[in-house]
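One letter stands for each residue in the lines below.
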Amino acid sequence: MADTGQETWQTSACILCECNCGIEVQLDGRRLARIRGDKRHPASAGYTCEKALRLDHYQNGRHRLTSPLRRRADGTYEEIDWDTALDEIAERLMAVRDEHGGDKIFFYGAGGQGNHLGGLHTKALQAALGSPYFSNALAQEKTGEMWVDAKLYGGHTKGDFEHAEVVVFLGKNPWQSHSFPRARPTLRALAKDPGRSMIVLDPRRSETAALADYHLQVRPGTDAWCLAALLAVIVQEDLCDAEFIEAHTTGTAPVLDALAGVPVTEYAARCGVDEELLRSAARRIATAASVTTYEDLGVQQAPHSTLVSYLNKLLWILTGNFGRPGTMFLHSAFAALAGGSGKSGRGRRTPVTGAKIISGLVPCNSIAEEILTDHPDRFRAMWIESANPAHSLADSRAFSEALDVLDLVVVVDVALTETARRADYVLPAASQFEKWEATFFNTEFPHNAFQLRPPVLDPLPGTLPEPEIYARLLRRLGAADEGLLTTLTKAAHTSRAAFGQAFFAAVGEDPALFGLAPYLLYETLGTAFPEGRRATAPVWGLAQLCAMTYPDAVRRAGFTDGDALFDAIVATPSGVTFTVDDWDDVWTYVRRPDRRFTMEIPELIEKLRELGDPGSPGSSLTSAAYPLVLSAGERRSFTANTIYRDPTWRRRDAQGALRVSPADAGRLGLSTGSAARLHTERGSAHVVVEVTDMMREGHISLPNGLGVDHPDHGTVGVAPNDLTSLHHRDWLAGTPWHKHVPARLEALGPVQTLS
Ligand SMILES: Nc1nc2c(c(=O)[nH]1)N[C@H]1C(S)=C(S)[C@@H](COP(=O)(O)OP(=O)(O)OC[C@H]3O[C@@H](n4cnc5c(=O)[nH]c(N)nc54)[C@H](O)[C@@H]3O)O[C@H]1N2
Ligand SMILES: Nc1nc2c(c(=O)[nH]1)N[C@H]1C(S)=C(S)[C@@H](COP(=O)(O)OP(=O)(O)OC[C@H]3O[C@@H](n4cnc5c(=O)[nH]c(N)nc54)[C@H](O)[C@@H]3O)O[C@H]1N2
Ligand code: SF4
Ligand SMILES: [Mo]
């Protein structure tokens, strides 16, 4: 670690969204005093948005925990020492396992927007306890898309936005939410160039929609009709890329057949988009030299979400926009973000409700249902790390009740969150600037980068980095054979090569050890590393796997093997390009024996056809009692999930106003600054109103990340999931419809405090 002098800039990354822009930090004591973008970072190249500059609110917030906590019978907490906490937790985990089975211990989280290294170690704990069930936030946004991806080509796709002629955003507002490198400069360049076009599907005139050439201002929840109509125009006007379809797909005929029958005029009316605008957007997509698309929460957390994911992918596949600069791609991965391709888990279901498990993840909306039952297979204990599900899952009340009935809940966090307040034990983690950290949001092509960030500070006294927490617990569980640990440690102190041999020989002999790998590496190889670098040992293992999986691309990136790659990663804190591909190589990432896209997904073609039924459900869930559609959880310039808990980090919109259209405001007698009461089927909340023509009539919107408790400021703003329900969810993936909550609004009169 560098010294803490004022002049030194230390290398790190922003932890607020999946871009993880590279930053440089100047310390003042333990304060992150100055922050700037890191020009050497392979993806962000010096860019940050305004949020990164306020990271000291995370690092030094008053919410930081400094001691393990144990819950007393009256619900208050007492501080206990680490040994006591870990002894008791180990004992109670073993008791649950011995009485009910390890599979009754459910794991949630294990990595947020900036920290995925701890998650490796939770996998080892799962392996040690025999606990196959887990989930995280991806199972309330991306699992529908993942399921479609697995059927079509077996990998994750992203787009080359920087070079695309036409970019389509579906329920995505990258001006605020980013999600691809240097989002704002990229959007500005797109908007400025008369030869390029931006198409946005959003009921709201978002910051991104305001820059768009085509704003398809759909009625909330009707994207499936809009996309079906766009595709139908392309098919019916014979604008598909027939050559691409012939060369690279199978099973396309039934898809084309279904689209040939779509009545465009009727569907345009259904989604509330002008038919001519829709037709011209379709033609723009079909005739562009290159197109990329991005679907996000506005469609993934709304009706027809999995169908919409399919239709989105058909849009770029049928027009041949894959595998060339400016189009869509599959990419390498430094480590799997979710449960891998789910090969071993194909067809898995949850034990009580039989919900589909996708990419290894239990649907978030099913978790409470898996617990609040007397079914013998219900979960009995829960391990939660780096997540705040009592705030972030649909229907917080149901989830909190579920936590309360469990035999054991352990939370590992930096803060006493809404979730931690329901735990039996809370373990205080060192912050993401106090330990080695990394994320596996490495999704670019043809150059893909991974950054391993060294700590800029020592752990806050009383806290421990996750690898150490898990190692201490796994020792108590007797997870690994002592003889094996001794052999591996000896090899590690002999040479890296000797260790590699011994390690892979041991895992080859007993494949069950693979699950414990992060722990084994930390315990053995890590002890041979220079002081302070022990926690990087699991990354050595990942580097080996990466070099085995993509030998050519890793070699092109300049690394002869996994050891060379690992050494470069540790020596290059701004991040390393670990694979270099050629656009022609993109087909090697298609996980199909024939390297073709498998287009026919019968379940979804059926759903596509059902859109034509006059009585088909779900253009809206509104009713006389709940006439409005609430989007619960919009990304704004001053929201960052619940990573910042101190409300004073917000320069504007401190209370997280409810955005309302002028038409609805007029009808309800509301103006900006008015107080109102918001009701949904599941709850009600006091809100402050902002009247804005961003909103379309009938659509209202609350920000995400508010309504968290703070020791000095109390709870500011509305916790969105006090208002959502478990039951509005995708029929296939179980993903919640957070952006489509039926609601009613009543004026309460003016308030003083809108800043
Ligand atoms: N500032 C900020 N940035 C973030 C985050 C943050 O908390 N704050 N969180 C990060 C995370 S975890 C994620 S997953 C991403 C999410 O990033 P986004 O998905 O871009 O975020 P949202 O604002 O939730 O939703 C995007 C848009 O969907 C629109 N929408 C609502 N209903 C509908 C509908 O029925 N149809 C369509 N087509 N659109 C609809 C909304 O009006 C909104 O403009 O952001 C990441 N970036
Ligand atoms: N209604 C509604 N609900 C939503 C959404 C929505 O749009 N609307 N969006 C959903 C989406 S897309 C997402 S991604 C989720 C996000 O919700 P969650 O996955 O629950 O995650 P975060 O709010 O990002 O909380 C991260 C937690 O990690 C803790 N933390 C930070 N650093 C560390 C560390 O180094 N170690 C440990 N152990 N803990 C740490 C923080 O204190 C915080 O408690 O919310 C989802 N919920
Ligand atoms: S919030 Fe996201 S886009 Fe903004 S600086 Fe942080 S990582 Fe980059
Ligand atoms: Mo997310």
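Computed from a prediction, not measured in an experiment: that's the story for all the values here.

Check the secondary structure of the protein chain and you find 26 helices and 28 strands. Relative to its length of 755 residues, the protein chain is compact, with a C-alpha radius of gyration of 25 Å against a globular reference of 27 Å. When its C-alpha atoms are laid out on the principal axes, the protein chain stretches across 70 × 60 × 60 Å. Residues classed as buried in the protein chain amount to 61% of the 755 residues present. In the protein chain, the share of contacts with a sequence separation of at least 24, taken over all contacts with a separation of at least 6, comes to 74%.

A separate point is the domain arrangement of the protein chain. Reports of interface size often rely on the accessible area that becomes lost once the parts have come together. You can read the domains of the protein chain as domain 1 (9–59), domain 2 (69–132 + 337–442 + 447–580), domain 3 (144–332 + 596–610) and domain 4 (628–751). A C-alpha centroid distance of 36 Å is found between domain 2 and domain 3. In this assembly, nine residues from domain 2 lie in contact with four residues from domain 3. Both faces considered, domain 2 and domain 3 share a buried interface measuring about 570 Å² in area, 63% of it formed by carbon and sulfur atoms. Linking domain 2 with domain 3 are zero salt bridges, by the criterion used here. At the surface where domain 2 touches domain 3, the tally comes to two residue pairs in polar contact (both at pLDDT 80 or more). Among the residues making up the side of domain 2 that touches domain 3, the classes are represented as four nonpolar, four polar and one charged.

Right, let's get into the nonpolar core. Within the largest apolar cluster, 203 residues are counted, with the highest numbers of intra-cluster contacts made by Leu-55, Phe-334 and Trp-383. Per-element tally for this core: the top contributor is helix α8 (residues 223–236), with twelve residues. Filtering out sequence-adjacent residues up to four positions away, Phe-334 remains in contact with Phe-440, Asn-442, Phe-450, Val-539, Leu-542, Ala-543, Cys-546, Leu-565, Ile-569 and Phe-578.

For the protein chain, the mean per-residue pLDDT works out to 95, and 97% of the residues sit at or above 70. Note on residues 340–344: pLDDT is under 50 here. Beyond four places in sequence and across chains, it has three contacts.

With that settled, the discussion passes to the site of ligand 3. Taken together, the neighbourhood of ligand 3 is formed by Cys-14, Leu-16, Cys-17, Cys-19, Asn-20, Cys-21, Thr-48, Cys-49, Lys-51, Ala-52 and His-178. Residues belonging to the shell around ligand 3 are distributed by class as follows: seven nonpolar, three polar and one charged.

Glancing now at the pattern of salt bridges. Side chains that carry opposite charge are capable of pairing whenever their charged atoms lie near each other. Considering all chains together, one arrives at 47 salt bridges under this definition. The shortest N-O distance in the salt bridge between Arg-422 and Asp-404 comes to 2.5 Å. Residue Arg-422 is found in the loop between β16 (408–413) and β17 (425–428), and its partner Asp-404 is found in helix α17 (residues 396–405); the two are separated by 18 residues along the sequence. Salt bridges here are not isolated pairs; linked through shared partners, they connect Arg-204, Glu-634, Arg-636, Asp-653, Arg-659 and Glu-690.

Mapped onto the elements of the fold, His-215 is located in strand β11 (residues 214–216). Only 3.3 Å separates the side chain of His-215 from the backbone oxygen of Arg-204, close enough to count as a polar contact. Apart from the residues within four sequence positions on either side, His-215 is in contact with Val-200, Asp-202, Arg-204, Arg-205, Ala-209 and Leu-277.

The next thing to look at is the site of ligand 1. Residues in contact with ligand 1 amount to 31 residues; listed here are only the nearest, Ser-177, Asp-202, Asp-223, Thr-639 and Lys-739. A distance of 3.4 Å separates an oxygen atom of ligand 1 from a polar side-chain atom of Asp-296. Coverage of ligand 1 by the protein amounts to 98% of the 910 Å² it exposes when considered alone.

To continue, consider helix α19 (residues 482–494). Its 13 residues place the ends of α19 19 Å apart at the C-alpha level, agreeing with the 18 Å of an ideal helix rising 1.5 Å per residue. For α19, every residue scored as buried is listed here: Leu-484, Leu-485, Leu-488, Ala-491 and Ala-492. Down the axis of α19, the buried set is contained in an arc of 130°. They therefore lie on one face. Away from the buried face of α19 by more than 90 degrees, exposed residues Glu-482, Thr-486, Lys-490 and Thr-494 are located. Contacts from the buried residues of α19 go to α20 (496–509) and α21 (517–523).

Here Thr-327 lies in the loop between α14 (305–318) and β14 (328–330). For Thr-327, a relative accessible area of 0% translates into the label buried. Within polar-contact distance, the side chain of Thr-327 engages the backbone nitrogen of Gly-323 at 3.1 Å. Beyond its immediate stretch of four places on either side in the chain, Thr-327 contacts Lys-158, Gly-159, Asp-160, Ser-290, Val-291, Thr-292, Asn-321, Phe-322 and Trp-583.

The next subject is the pairing of strand β15 (residues 381–385). In terms of burial, β15 is a largely internal element, five of the five residues being buried. Side chains Ala-381, Trp-383 and Glu-385 of β15 all project onto a buried face; the interleaved residues Met-382 and Ile-384 project onto the opposite face, where all are buried too. Two strands pair when backbone bridges link them, and strand β6 (residues 105–109) and β15 are joined in this way by five bridges, in the parallel orientation. Its bridge partner being in β15, Gly-109 is matched across the sheet by Glu-385. When β15 meets β16, the two strands line up parallel, connected through five bridges. If you follow Ala-381 over to β16, its bridge partner there is Leu-408.

Below, the discussion takes up the sheet that holds strand β1 (residues 10–13). Spatially, the three strands line up as an open sheet ordered β1-β2-β3, and their pairing is antiparallel. Sheet topology places β1 and β3 (31–37) at the edges, where each strand pairs with a single neighbour. On average, each strand axis in the sheet is tilted by 40° relative to the strand beside it, whichever way the strands run. Here strand β2 (residues 22–28) runs beside β3; their pairing, made up of six bridges, is antiparallel. Residue pairing in the sheet places Gln-26 in a bridge with Arg-34 of β3.

Thresholds, definitions, all that
- In every chain, residue numbers begin from 1 and rise along the written sequence.
- Chains and ligands are labelled by the order in which they are written, letters from A for the one and numbers from 1 for the other.
- pLDDT decides what is reported in this predicted model: residues at 70 or higher carry local features, side-chain atom pairs at 80 or more are listed and counted, and totals for whole chains, interfaces and linings draw on all residues regardless.
- Heavy atoms from the whole structure form the basis of all side-chain values; hydrogens and water molecules are not counted.
- Helical segments are the DSSP runs of H or I of at least four residues, strand segments are the runs of E of at least two, and each set is numbered from the N terminus.
- Put simply, the radius of gyration uses C-alpha atoms, and a globule should come to 2.2 Å times the residue count raised to 0.38.
- Only protein chains enter the accessibility calculation, which uses a 1.4 Å probe; a residue is then buried when its area is under 20% of its type maximum, exposed when over 50%, and partly exposed in between.
- Note on contacts: a residue pair qualifies if any of its non-hydrogen atoms lie within 4.5 Å across the two residues.
- In this document the domain limits rely on a domain assignment from an automatic tool or a database.
- A 1.4 Å probe defines the accessible area here, and the buried area is the portion of it lost by two parts on being joined, summed over both.
- One side-chain nitrogen of Lys or Arg within 4 Å of one carboxyl oxygen of Asp or Glu is enough to make a salt bridge.
- Between N or O atoms, a polar contact is any pair within 3.5 Å; within protein, one atom must be a potential hydrogen donor and the other a potential acceptor, and residues adjacent in sequence are included only when both atoms are from side chains.
- Residue polarity follows a fixed list, in which Ala, Val, Leu, Ile, Met, Phe, Trp, Tyr, Cys and Pro are nonpolar, Asp, Glu, Lys and Arg are charged, and the others, Gly among them, are polar.
- Grouping buried Ala, Val, Leu, Ile, Met, Phe, Trp, Tyr and Cys residues that are joined through side-chain atoms within 4.5 Å yields what is termed a nonpolar core.
- What pLDDT reports is the predictor's confidence in each residue, on a scale of 0 through 100.
- Whether a residue is near a molecule or strand depends on its heavy atoms: if one lies within 4 Å, it is near.
- To be clear on the numbers: accessible area is Shrake-Rupley with a 1.4 Å probe, and residue cover counts the displayed protein chains and nothing else.
- By this rule, a helix spans an expected 1.5 Å times one less than how many residues it contains.
- What the arc describes is the spread of directions from the helix axis to the C-beta atoms.
- Strand pairing is defined by DSSP finding a minimum of two bridges between the two strands.
- Geometry is summarised by axes, namely lines fitted to C-alpha atoms with helices restricted to the contacting stretch, and by angles between N-to-C directions that run from 0 to 180 degrees.

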